Amino acid sequence: MEKYVYMFEEGKAGMKDILGGKGANLAEMTRIGLPVPPGFTVTTKACNKYYSDWGNRLSPELTEELFMSVGKLEKITGKTFGDVDNPLLVSVRSGAAVSMPGMMDTILNLGLNDISVIGLARSTKNERFAYDSYRRFIQMFGDVVCQIEKYKFDGILDMVKKKKGAEFDTDLDAEDLKEVVKRYKELYSQERSEEFPQDPGDQLMLAVGAVFRSWNNPRARAYRNINDIPHSLGTAVNVQSMVFGNMGGTSGTGVAFTRNPATGEKALFGEFLLNAQGEDVVAGIRTPEPIESMDEVFPDVHKQFREIAKLLEKHYRDMQDIEFTVEKGKLYILQTRNGKRTAAAAVKVAVDLVEEGLITKEEALMRVPPGQLDQLLHPNFDVRMLEKAEFLAQGLPASPGAATGAVYFTAEEAVKAAQAGAKVILVRQETSPEDIEGMDAAEGILTSRGGMTSHAAVVARGMGKCCVAGCGTIRVDENQKRFTVKGITVSEGDWVSLNGSTGRVYLGNIPTTEPELSGSFATLMGWADEIRELEVWANADNPKDAATALRFGAEGIGLCRTEHMFFEEDRIPVVREMILSTTTEQREKALGRLLPMQKEDFKGIFKAMGEKPVTIRLLDPPLHEFLPREERDIKALAEDMNMSVADIICLIKYLEEFNPMLGNRGCRLAITFPEIARMQTRAIIEAAIEVIKETGIRVNPEIMVPLIGNVSEFKYLKDLIVETADEIIRQSGVDLHYLTGTMIEVPRAALTADEVAKEAEFFSFGTNDLTQMAMGFSRDDAGKFLEDYKNKGIIEADPFQKLDQVGVGKLVDMAVKLGKKARPDIKLGICGEHGGEPSSIDFFHRVGLDYVSCSPFRVPIARLAAAQAAINFAR
């Protein structure tokens, strides 16, 4: 019979897949003798069965196991569910194998009812505490299990506080809280048309089902989509004996990291609240005190906690995020997990742990998610402009970085504005898990409440978003879509700038500066370069991009798109003249004017890259993309070419295509107009020769023909390229080596790669077009339905962002094998968007490519991902 429930003492750290991260860590801490309140875990298998086999119900066998485990827990604690003298109360928390902070649901104080609340008051000799716990339980249960909106409960609490003249919840006495409980139960009855459940067994069954359902709530699904977490994992449910931080001045609760999650500094970092439950800290309901304040209130407990924090970090060999409660002066550890951290902290912690002898270089490289490095590779505020900026307010530096944008006050509006192309700052009193999509769309997040471990702070750090939290001097009016501070009103659409490293908020848009990449980052990248086998090149179309790519460690240019040079203001009229020419002579005359412009572009890139290879793609897009659309531009072109406007319009219509992505573009364009390919070849070779003569640098140009589907197409153009290039080289007397190759982006080219490889010296996989043609998805239109495909489980990821390894990957693998069979020394690379995506890079390593090429800012990401691929492959 399948086992669905494990007591904490039955599990261990290695059971994360079935117990979830939280359950496995609770079991492990119990095993090593830490003060963990006893409990049990319902497995992820039960969650998946709940959806797949049990019809969204708890099965009889699971129910039986649950109550057997409750009986064991009663024996361990000496308490009884629903007892009038000494009631057992439990927390019910979710816990997936992959940490998803704040995305799923928690219920505290389960087991309280009208009878056991009296027993709790008796056993603790604290009636106020008992009814405070009861009102919290009713609210959580109503919210999580029955979807009664939280604000309805908050309204009742605020009304009682107002009636009493109380500022804080802690100002209410037992009688006040009895009134709150009475009104909460009335609200529950109104909303549900039934009384609040009094049987603790019923409460537990309903709560476990609610946690299972929370696995598929919209915010959890959105979080998994954003972070590429499979929807098939399921969540475990942890049922744990309650300990109470809200029992007065001898109790409290807190969250702490063993190192600073923003910087990686080796120092305990966290927050503590006296007389509170854990949800008060993470929800930002009250602004907590720094963890060091514990030393003043509970010096012995503080010392014990520091020792446990060191032990846990050493045991798990990673920075830990620890939740704890102090009940009547006794410390309990409620959870530990590997702490979410910024990219800067991830890099520093990984390098420091190697230097401290806790992990190997390979383990350090595997600890840093490659995509997270993106946080380190983008600009910070220009210091000089920062000094002149108008300072608005000081908050907490919750997640570092610089962000500037227009303020929006709801997640929905933030998403809409971002989709329209705006840079957005999401401003909230406090964020909640429902804000996840708005937070993802925003450049940065600003909250008026909450601390360094609030929802906003933790989620922003995990996303790599700049965040300023707990900015108490701003008054946020979400209904009126504005905030005020120091007599200044900032309304929706107004610009502000956030410095997440200092917690400072500024009015307006502040310019930025390039990041510095050194220290731990350079050390980690050095280790990656030692281990990886794939080379990392960059896609760059101008000398500036090439220089950026070099600064980030690129070893070559894998794609230089010549058409991007044609769109510059001084060139587009000449390009249009070339396109609209009606004779070869006219076209060659226009191309003659373009030749020196192209040559200068290539010289700049060759000089920037030195002896590193530079792959230049011949003109790819259809010609109509260069033609004017505005009436004034058409008139100007007609005058320049001494033609009538009507004739120009006629030519434009003639060149238009019903399906231009499959029309006269790429190699087809060069075959139709071979003079274009000759001009571009001449520009490349002459530029290379001139750079060799001027600098002595032995440049390495590679000429790439796009969009071939037939070896005959490639051979026709290769012969033209070689004839042109060799004649120029012969006349110059310079020794220049160059390669000719092709992009593999048409499925037929992949299927006949052995034939193509007999002529081509290199393949570069254009996975953008290969995906488009293999899957039949238009790159420009697929966004209209791909989200539905992901939400309905048809695909797990956008295939234009993450390679479809099953289908498109099979074409790549086939082409690699066929190409190597025909030409063993063929050079193989990839220059599509997938060249900078970690899981795709892992695939490219496995199939045997020589290099990946990506945008300059993704080069460090690709270097780390390539190292991780080599480590994974060696395992």
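Fair warning: this is a prediction, and the values are worked out from it, not measured in the lab.

Peer 1: It is not clear to me how the overall build of the protein should be interpreted in this structure. Could you clarify?
Peer 2: Scanning the protein from N- to C-terminus turns up 35 helices and 33 strands. Relative to the 2.2 N^0.38 estimate, which gives 29 Å for 875 residues, the radius of gyration of the protein is 32 Å and therefore close to what a compact globule would have. When its C-alpha atoms are laid out on the principal axes, the protein stretches across 100 × 60 × 50 Å. Expressed as a percentage of the 875 residues in the protein, the buried residues total 56%. Look at the contacts in the protein between residues 6 or more apart in sequence, and 69% of them connect residues 24 or more apart. For the protein, the computed accessible surface area is about 35,900 Å², with 49% contributed by carbon and sulfur atoms.

Peer 1: Is there a simple way to explain the sheet that holds strand β23 (residues 495-499) in this structure?
Peer 2: Strands in a sheet are paired, the pairing made by backbone hydrogen bonds, and the direction either parallel or antiparallel. Here eight strands make up an open sheet; going across it, the order is β14-β24-β23-β16-β17-β18-β19-β15 and the pairing mixed. At either margin of the open sheet sits one strand with a lone partner, and together these are β14 (390-394) and β15 (396-399). The average angle at which neighbouring strand axes cross in this sheet is 30°, direction not considered. With three bridges connecting them, strand β18 (residues 444-447) and strand β19 (residues 466-469) associate as parallel partners.

Peer 1: Looking at this structure, how should I read empty space enclosed by the protein?
Peer 2: A water-sized probe rolled over the atoms picks out the places where empty space is left. Enumeration according to the criterion identifies three cavities of 30 Å³ or more in this entry. By volume, the largest cavity amounts to about 100 Å³. Taken together, Ser-91, Arg-93, Leu-108, Gln-240, Ser-241, Met-242, Val-243, Gly-245, Gln-277, Gly-278, Thr-325 and Leu-334 make up the lining of the largest cavity. Those elements that place two or more of their residues in the lining of the largest cavity are β5 (90-96) and β7 (235-241). The class makeup of the residues in the lining of the largest cavity is four nonpolar, seven polar and one charged. Leu-618, Leu-619, Gly-666, Leu-669, Ala-670, Ile-676, Ala-677 and Gln-680 are the residues that line the second largest cavity. Elements supplying a minimum of two residues to the lining of the second largest cavity: α26 (667-672) and α27 (674-695). Here the lining of the second largest cavity takes three residues from α27, the largest share from any one element.

Peer 1: Looking at this model, I keep getting lost on the pattern of salt bridges. Mind explaining?
Peer 2: Any two side chains of opposite charge can pair, on the condition that their charged atoms come close. This structure, assessed with the given rule, holds 59 salt bridges. Asp-169 is the salt-bridge partner of Lys-161, the closest N and O atoms lying 3.0 Å from each other. Judged by relative accessible area, Lys-161 falls into the buried class, the value being 13%. In this structure, a network of salt bridges that share partners links the residues Lys-599, Glu-600, Lys-603, Lys-607, Arg-682, Glu-686, Glu-690 and Glu-694.

Peer 1: Please explain unusual backbone geometry as it appears in this structure.
Peer 2: With the exception of glycine, most residues fall at negative phi, and the peptide bonds are largely trans. In this model, Gln-147 sits at a positive phi of 55°, which is unusual for a non-glycine residue. With respect to the helices, strands and loops of the structure, Gln-147 is situated in the loop between α5 (127-144) and α6 (150-164). Gln-147 gets classed as exposed once you look at its relative accessible area, which sits at 55%. Positive phi values are uncommon outside glycine, yet Lys-481 reaches one of about 55°. Mapped onto the secondary structure, Lys-481 falls in the loop between β20 (475-477) and β21 (482-485).

Peer 1: Help me out: how do you make sense of the sheet that holds strand β33 (residues 851-854) in this one?
Peer 2: Taken in spatial order, the eight strands close into a barrel running β26-β27-β28-β29-β30-β31-β32-β33, and their pairing is parallel. Geometrically, the sheet is characterised by an average inter-axis angle of 25° between neighbouring strands, direction not taken into account. As paired strands, strand β32 (residues 827-830) and β33 are joined by two bridges and run parallel to one another. Within the sheet, the bridge partner assigned to Gly-829 lies in β33 and is Tyr-851.

Peer 1: Please explain the packing of aromatic side chains as it appears in this structure.
Peer 2: What characterises a pair of aromatic rings is the spacing of the ring centres plus the angle enclosed by the ring planes. All chains considered together, the criterion is met by 20 aromatic pairs. Between Tyr-50 and Phe-212, the ring centres sit 5.2 Å apart and the planes meet at 55°, which makes this aromatic pair tilted. Taken together, the residues span a long stretch of sequence, with Tyr-50 in helix α2 (residues 44-52) and Phe-212 in helix α8 (residues 200-214) at a distance of 162 residues. Of the two residues examined, Tyr-50 and Phe-212, each falls in the buried class. Judged by centre distance (5.2 Å) and plane angle (55°), the rings of Phe-552 and Phe-857 are tilted.

Peer 1: Which parts of the structure should I look at to understand the side chain of Thr-258?
Peer 2: Note that Thr-258 resides in the loop between β8 (252-257) and β9 (269-274). Within the structure, Thr-258 has its side chain in polar contact with the side chain of Glu-313 (distance 2.7 Å). Of the polar contacts made by the side chain of Thr-258, one reaches the backbone nitrogen of Gln-320; its length is 2.9 Å. Sequence-distant contacts of Thr-258, defined by excluding residues within four places in its chain, comprise Ala-267, Leu-268, Ala-309, Glu-313, Asp-318, Met-319, Gln-320 and Ile-322.

Peer 1: Can you walk me through the nonpolar core in this structure?
Peer 2: Within soluble globular proteins, side chains that are nonpolar tend to cluster in buried spots. Of all hydrophobic cores here, the largest spans 213 residues; its most connected members are Leu-62, Val-92, Phe-212, Phe-606 and Ile-685. With eleven residues, α27 is the largest single contributor of residues to this core. When near neighbours in sequence (up to four residues on either side) are disregarded, Val-92 contacts Asp-105, Thr-106, Ile-107, Leu-110, Leu-204, Ala-207, Val-211, Val-237, Asn-238 and Val-239. Ranked by size, the runner-up nonpolar core spans 22 residues in total, among them Val-36, Leu-268, Ile-308 and Leu-331.

Peer 1: Sorry, what's going on with a nonpolar patch on the surface here?
Peer 2: Nonpolar side chains collect at one region of the surface, where Val-84, Ile-115 and Ile-118 lie side by side and expose about 220 Å² of accessible area between them. Within the secondary structure, Ile-118 sits in helix α4 (residues 116-124). You can call Ile-118 partly exposed: its relative accessible area is 37%.

Parameters at a glance
Residues numbered from 1 in each chain as written. Predicted model: local features only at pLDDT ≥ 70, side-chain atom pairs only at ≥ 80, totals over all residues. Heavy atoms only, no water. Helix = DSSP H or I, 4+ residues; strand = E, 2+ residues; numbered from the N terminus. Rg over C-alpha atoms; globule rule 2.2 N^0.38 Å. Buried < 20%, exposed > 50% of the residue type's maximum accessible area, 1.4 Å probe, protein only. Contact = heavy atoms within 4.5 Å. Areas by Shrake-Rupley, 256 points an atom, 1.4 Å probe, with all protein chains shown as cover. Pairing = 2+ DSSP bridges. Axes fitted to C-alpha atoms, helices over the stretch in contact; angles between N-to-C directions. 1 Å grid on protein atoms, 1.4 Å probe; cavity = no way out; pocket = protein on both sides within 12 Å on 5 of 7 lines; lining within 4 Å. Points joined across faces, edges and corners; volume = space filled by probe spheres on them. Nonpolar A, V, L, I, M, F, W, Y, C, P; charged D, E, K, R; others polar. Salt bridge = Lys/Arg side-chain N within 4 Å of Asp/Glu carboxyl O. Phe/Tyr/Trp six-rings, centres within 6.5 Å; stacked < 30°, edge-to-face > 60°. Polar contact = N/O pair within 3.5 Å; in protein donor to acceptor, adjacent residues only side chain to side chain. Core = buried A, V, L, I, M, F, W, Y, C linked by side-chain atoms within 4.5 Å. Patch = residues over 30% accessible without salt bridge, like charges linked within 9 Å, V, L, I, M, F, W, Y side chains within 5 Å.

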